[in-house]
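Letter by letter, the chains look like this.
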Amino acid sequence: MQLKPIKDKWKGTMTDRERFNNQMHYKPVDRCFNMEFGYWDENFEQWKLFKDNNITSNEQADIFFNFDKFACINGNTWMSPAFECKIIEEREATNILINGDGLLAEIPKDAHDTIPHYIKATIVTPDDWKKCKEERFRRDDPKRIIDIESLKKQHPNDRDYPLGVNCGSMIGKIRDMLTFEGLAYACYDYPDMVEDMVETCCLLVEDFLDQVLPHFDFDFASGWEDICFKNGPIVSVPFFRDIVMPRYKRIKKKLIKYGIDLWYTDCDGDVRPILPYLLEGGINCLFPFEVNGCSHPGELLDQYEGQLRIMGGFDKMQLGAGKEAIKAYMETLVPYVEKGGYIPFCDHRCPPNVKEEDYLYYLELKEKMFGL
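Residues numbered from 1 in each chain as written. Predicted model: local features only at pLDDT ≥ 70, side-chain atom pairs only at ≥ 80, totals over all residues. Heavy atoms only, no water.

S.K.: Requested: an account of the overall build of the protein chain, with residues and values cited.
M.R.: Helix and strand counts for the protein chain come out as 15 helices and 13 strands. Computed over its C-alpha atoms, the radius of gyration of the protein chain comes to 21 Å, within 12% of the 21 Å expected for a compact globule of 372 residues. Burial statistics for the protein chain: of 372 residues in total, 53% are counted as buried. A sequence separation of at least 24 residues applies to 70% of the contacts in the protein chain between residues at least 6 apart. Of the accessible surface of the protein chain, which amounts to about 17600 Å², a share of 51% is contributed by carbon and sulfur atoms. (Helix = DSSP H or I, 4+ residues; strand = E, 2+ residues; numbered from the N terminus. Rg over C-alpha atoms; globule rule 2.2 N^0.38 Å. Buried < 20%, exposed > 50% of the residue type's maximum accessible area, 1.4 Å probe, protein only. Contact = heavy atoms within 4.5 Å. Areas by Shrake-Rupley, 256 points an atom, 1.4 Å probe, with all protein chains shown as cover.)

S.K.: Could you give an account of the pattern of salt bridges, with specific residues and numbers?
M.R.: All chains considered together, the criterion is met by 38 salt bridges. K152 is the partner of E149 in a salt bridge, and the nearest nitrogen-oxygen pair spans 3.9 Å. Residue E149 and its partner K152 are both found in helix α6 (residues 148-154); the two are separated by three residues, about one turn of the helix. Among the ionic pairs, E199 bridges to R250, the shortest N-O distance being 2.8 Å. (Salt bridge = Lys/Arg side-chain N within 4 Å of Asp/Glu carboxyl O.)

S.K.: With reference to specific residues and values, describe the packing of helix α9 (residues 191-212) against helix α10 (residues 237-257).
M.R.: Contact geometry of α9 with α10 gives a least axis separation of 10 Å together with a crossing angle of 10°. Classified by the interaxial angle, the pair formed by α9 and α10 is roughly parallel. Contacts from V194, E195, V198, E199, C202, L203, V205, E206, L209 and D210 in α9 reach F239, I243, V244, R247, R250, I251, K254 and L255 in α10. Looking at side-chain class alone, the contact of α9 with α10 contains eleven nonpolar, no polar and seven charged residues. (Axes fitted to C-alpha atoms, helices over the stretch in contact; angles between N-to-C directions. Parallel < 35°, antiparallel > 145°, perpendicular 65-115°, else oblique. Nonpolar A, V, L, I, M, F, W, Y, C, P; charged D, E, K, R; others polar.)

S.K.: Now, about unusual backbone geometry: what can you tell me, with residues and values included?
M.R.: Where the residue is not glycine, phi is negative for most of them; where a peptide bond is considered, it is trans in most cases. Put simply, S80 and P81 share a cis peptide bond, and its omega is 5°. Tracing the sequence through the fold places P81 in the loop between β1 (71-73) and β2 (86-90). With an omega of -10°, the peptide bond running from F287 to P288 counts as cis. Following the sequence through the fold, P288 ends up in the loop between β11 (285-287) and α12 (297-303). Of note in this structure, T179 is not a glycine but carries a positive phi near 80°. Residue position: T179 is located in the loop between α7 (172-178) and α8 (180-189). Given the relative accessible area of 13%, T179 is considered buried.

S.K.: Requested: an account of the packing of aromatic side chains, with residues and values cited.
M.R.: Under the criterion given, the structure shown has 31 aromatic pairs. Measuring from ring centre to ring centre gives 5.5 Å for F20 and F220, while their planes differ by 55°; the resulting arrangement is tilted. On the criterion of sequence distance, the pair formed by F20 in helix α1 (residues 16-24) and F220 in strand β7 (residues 220-222) is long-range, its members being 200 residues apart. Of the two residues, F20 and F220, neither departs from the other in class, the shared state being buried. Plain terms: the ring middles of F314 and Y329 are 5.0 Å apart, the flat faces sit at 70° to each other, and that makes the pair edge-to-face. (Phe/Tyr/Trp six-rings, centres within 6.5 Å; stacked < 30°, edge-to-face > 60°.)

S.K.: So what's going on with the sheet that holds strand β6 (residues 163-166)? Which residues, and what values?
M.R.: Taken together, three strands build an open sheet; the order of strands is β1-β6-β7 and the sheet is parallel. At either end of the open sheet lies a strand with only one pairing partner, and these are β1 and β7. Strand-to-strand, the axes of this sheet are offset by a mean angle of 35°, without reference to chain direction. Relative to β7, β6 runs parallel, the two sharing three bridges. Across the sheet, the residue bridging to V165 is A221, located in β7. (Pairing = 2+ DSSP bridges.)

S.K.: Lay out the environment of E106 in plain terms, naming residues and giving numbers.
M.R.: Inspection of the secondary structure puts E106 in strand β4 (residues 103-108). Spatially, the C-alpha atom of E106 lies 5.1 Å from that of H117, the residues being eleven residues apart in sequence. Among all residues touching E106, those that are not within four sequence positions of it are R91, T94, N95, I96, P116, H117 and I119. Looking at E106, its side chain comes within polar contact range of the side chain of T94, at 2.8 Å. (Polar contact = N/O pair within 3.5 Å; in protein donor to acceptor, adjacent residues only side chain to side chain.)

S.K.: Pulling in residues and values, what's your account of the sheet that holds β11?
M.R.: With respect to topology, four strands assemble into an open sheet ordered β10-β11-β12-β13, the strand pairing being parallel. The open sheet is flanked by β10 (264-266) and β13 (342-343), the only strands paired with a single partner. The sheet contact formed by β11 and strand β12 (residues 309-311) spans two bridges and is parallel. Across the sheet, residue C285 finds its bridge partner in β12, namely R309.

S.K.: Could you give an account of the nonpolar core, naming the residues involved and the relevant values?
M.R.: In this structure, Y39, V165, I171, L255, M311 and Y359 are the most contacted members of the largest nonpolar core, which totals 110 residues. Beyond its immediate stretch of four places on either side in the chain, V165 contacts C72, I73, F208, L209, V212, L213, F218, F220, A221, S222, L255 and I260. (Core = buried A, V, L, I, M, F, W, Y, C linked by side-chain atoms within 4.5 Å.)

S.K.: Outline the side chain of D226, supporting the account with residue identities and numerical values.
M.R.: Following the sequence through the fold, D226 ends up in the loop between β7 and β8 (228-229). One buried charged residue, D226, remains without a salt bridge, the closest side chain of opposite sign being R175 at 4.8 Å. Side-chain polar atoms of D226 contact the backbone nitrogen of D268, separated by 2.9 Å. Once residues within four sequence positions are removed from consideration, D226 is found in contact with G172, R175, D266, C267 and D268. (Lys, Arg positive; Asp, Glu negative; His and termini not counted.)

Following this line, the structure appears as structure tokens:
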């Protein structure tokens, strides 16, 4: 059954692609690019608006709210094959399982959104990594070959929406494999092992880029590096500067060759200690920019004016605090939307504590303030 949008698409004179590129390059636009990062799984179960209209996913919600179109091509740049996911033990309210990254994890039986309690990693020592690398990180794995013709049919050259290429993760997925604590220890106990992991991630991304970059006119690059929390990065700044950043520079060289000068990464928490090295490495946009773990987006947009872009940065706490708080916070974003290089939306998945009527008010206010 075809989805019927609840809202009209914001009016405009540009295509979504033209608007996105102009806005992110500080050029004139007809209006702000309109997008959101999505919603917790509980929203689809609890919001009457979603339940009554059979909206069960973020992809459906994007159509339902008639957001501007935004797409990205991904490659197989991580573990292949992944570990088999299986339940090891059932407890009263939780299950103990092995996940795809080989972690022994405790998760709630009702599957509500939460960070799992990680008990043990499969990869701990250099010998563990050597075995895993040989079995699951082969560069010649046929499953890493991209079906270019199929992707061309999905994303033709005459598309009217921005298309990105995903540049994977240099260190964030390694954190997933080793755990937070495991990575923190490994950087000191087995630094050569961790650097080899970073190098392997970089090579797999480079192999993917070599396959797709000649065939598409991409508008941006994306990435994922959840390695920060409220007190900063979980790896030392010198480690990030000396081990991770040089790999970014290699990827940046490939992107620039094909005219891609916008590269965002999804990294929660306080990125400020490593931001100079993200920028030097080529990552010049932050997404979805969690306010409470870092700062108001305007603080960094002012500090790195002309260098940094931000996508996101609407404080989810204010979104859940009612209409007055929503309006007050929205007003603080006006000068940054007007300058360009900034697209406002919720600073992570919208949580279920946000009332439906307040969320609809937020969308209407955003259109009133930025949609003309």
